[in-house]
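Secondary and tertiary structure notes
Single-letter residue listing:
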Amino acid sequence: MSNTMFNVAIDCNDLSAQIEFWSRVMETPVAFSDDHEAVIEFPDGPNLFFQRVPEPKTVKNRVHVCLRPSRLRELEVARLVDVGATVVSDHRTPDGAGWVVLADPEGNEFCVLRSDAEREAQQS
């Protein structure tokens with residue numbers, strides 16, 4: 001999976017749940033010990049920085065992580081829903097371009113783009 005954004009900070013109330021969710025999203029197991037901050041450093045990015053905040057955020061901002069999966073986007077969206085994401089909106093055009101916005105368990109939004117294979121198929 002390749003990613004277009006790097007070094008993202010995520011405030012969260014339940015640090016362990018967020019770490020578990022994002023490690024499943026990125027398909028990389030993560031161990032952490034500190035209960036206030038954690039970092040997931042993926043070989044090809046992004047690095048995700050998590051900080052526990054004392055109470056749930058009332059205003060959610062989009063987490064600027066855009067995933068370009070190696071598998072078909074439909075399969076990737078289904079996989080992410082299976083690991084706990086929710087679909088927020090679908091911004092695809094009839095030709096398959098665009099993106100799907102998902103939210104993590106604390107409501108932070110991120111997007112899934114077309115895979116490189118889907119882009120190449122559409123261009124040929």
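Below or above, wherever it landed, is the structure these notes cover. (Residues numbered from 1 in each chain as written. Predicted model: local features only at pLDDT ≥ 70, side-chain atom pairs only at ≥ 80, totals over all residues. Heavy atoms only, no water.)

**Considerations on the pairing of strand 2 (residues 8–12)**
Our working rule: Any residue under 20% of the maximum accessible area for its type is buried, any over 50% is exposed, and the rest in between are partly exposed; the area is computed with a 1.4 Å probe on protein chains only. To qualify as a helix, a DSSP run of H or I must reach at least 4 residues; to qualify as a strand, a run of E must reach at least 2; elements of each kind are numbered from the N terminus. Note on pairing: DSSP must find at least two bridges between two strands before they are called paired.
Only one face of strand 2 is buried: it carries Val8, Ile10 and Cys12, and the other face, with Ala9 and Asp11, is open. Pairing of strand 2 with strand 4 (residues 47–52), which is carried by 5 bridges, proceeds in the parallel orientation. Bridging across to strand 4, Ile10 finds its partner in Phe50.

**Notes on the sheet that holds strand 2**
Applied cut-off: Every axis in this analysis is a line fitted to C-alpha atoms, fitted for helices over the stretch in contact. Angles between the N-to-C directions lie between 0 and 180 degrees.
Pairing is mixed across the open sheet formed by 3 strands, whose spatial order is 2-4-3. Whereas interior strands pair on both sides, the edge strands pair on one side only; in this sheet they are strand 2 and strand 3 (37–41). Shown here is a sheet whose adjacent strand axes are inclined to one another by a mean of 20°, direction ignored. With 5 bridges joining them, strand 3 and strand 4 adopt antiparallel strand pairing. Paired with Ala38 across the strands is Phe50, a residue of strand 4.

**Regarding the nonpolar core**
Note that soluble globular proteins tend to have their nonpolar side chains buried in a common cluster. Cut-off, in case you're wondering: The definition of a nonpolar core used throughout is a set of buried Ala, Val, Leu, Ile, Met, Phe, Trp, Tyr and Cys residues joined through side-chain atoms within 4.5 Å. The contact criterion used is simple: two residues touch if any of their non-hydrogen atoms lie within 4.5 Å.
Among the nonpolar cores identified, the biggest contains 25 residues, and Trp22, Phe50, Leu80 and Phe110 are the most heavily contacted of them. Only strand 2, helix 1 (15–25), strand 3, strand 4, strand 5 (62–68), helix 2 (73–82), strand 7 (100–103) and strand 8 (109–112) provide two or more residues apiece to this core. Each residue touching Phe50, except ones within four places of it in the same chain, is listed here: Ile10, Cys12, Leu15, Gln18, Ile19, Trp22, His36, Glu37, Ala38 and Ile40.

**Thoughts on the environment of Val88**
Mapped onto the elements of the fold, Val88 is located in strand 6 (residues 86–90). Through-space distance from the C-alpha of Val88 to that of Ala103 is 6.5 Å; in sequence the pair is 15 residues apart. Not counting residues up to four positions away in its chain, the partners in contact with Val88 are Val101, Leu102, Ala103 and Glu109.

**Some points on the packing of aromatic side chains**
Inclusion rule: For Phe, Tyr and Trp, rings pair up if their centres lie within 6.5 Å, where Trp contributes its six-membered ring, and each pair is then called stacked (planes under 30 degrees apart), edge-to-face (over 60) or tilted (otherwise).
One pass over the structure, following the stated rule, counts 3 aromatic pairs. Put simply, the rings of Phe21, Trp22 and Phe110 touch in pairs and so form one group of aromatic residues.

**Things to note about the pattern of salt bridges**
Where charged atoms of side chains with opposite charge meet at close range, the side chains can pair. Operational definition: Note on definitions: salt bridges are taken to be side-chain nitrogens of Lys or Arg within 4 Å of carboxyl oxygens of Asp or Glu.
Inspection of every chain in the model, using the stated rule, returns 8 salt bridges. Residue Glu27 is joined to Arg79 by a salt bridge in which the shortest nitrogen-to-oxygen separation is 3.7 Å. Linking Glu27 in the loop between helix 1 and strand 3 with Arg79 in helix 2, this pair joins segments that are 52 residues apart in sequence. Residue Arg79 is classed as buried on the basis of its relative accessible area, which comes to 15%. In this structure, Arg79 and Glu76 form a salt bridge, with 2.8 Å as the shortest nitrogen-oxygen distance. Linking Arg79 with Glu76, this pair stays in helix 2, spanning 3 residues, or about one helical turn. Taken as a pair, Arg79 and Glu76 share a single burial class, namely buried. Salt bridges here are not isolated pairs; linked through shared partners, they connect Glu27, Arg71, Glu76 and Arg79.

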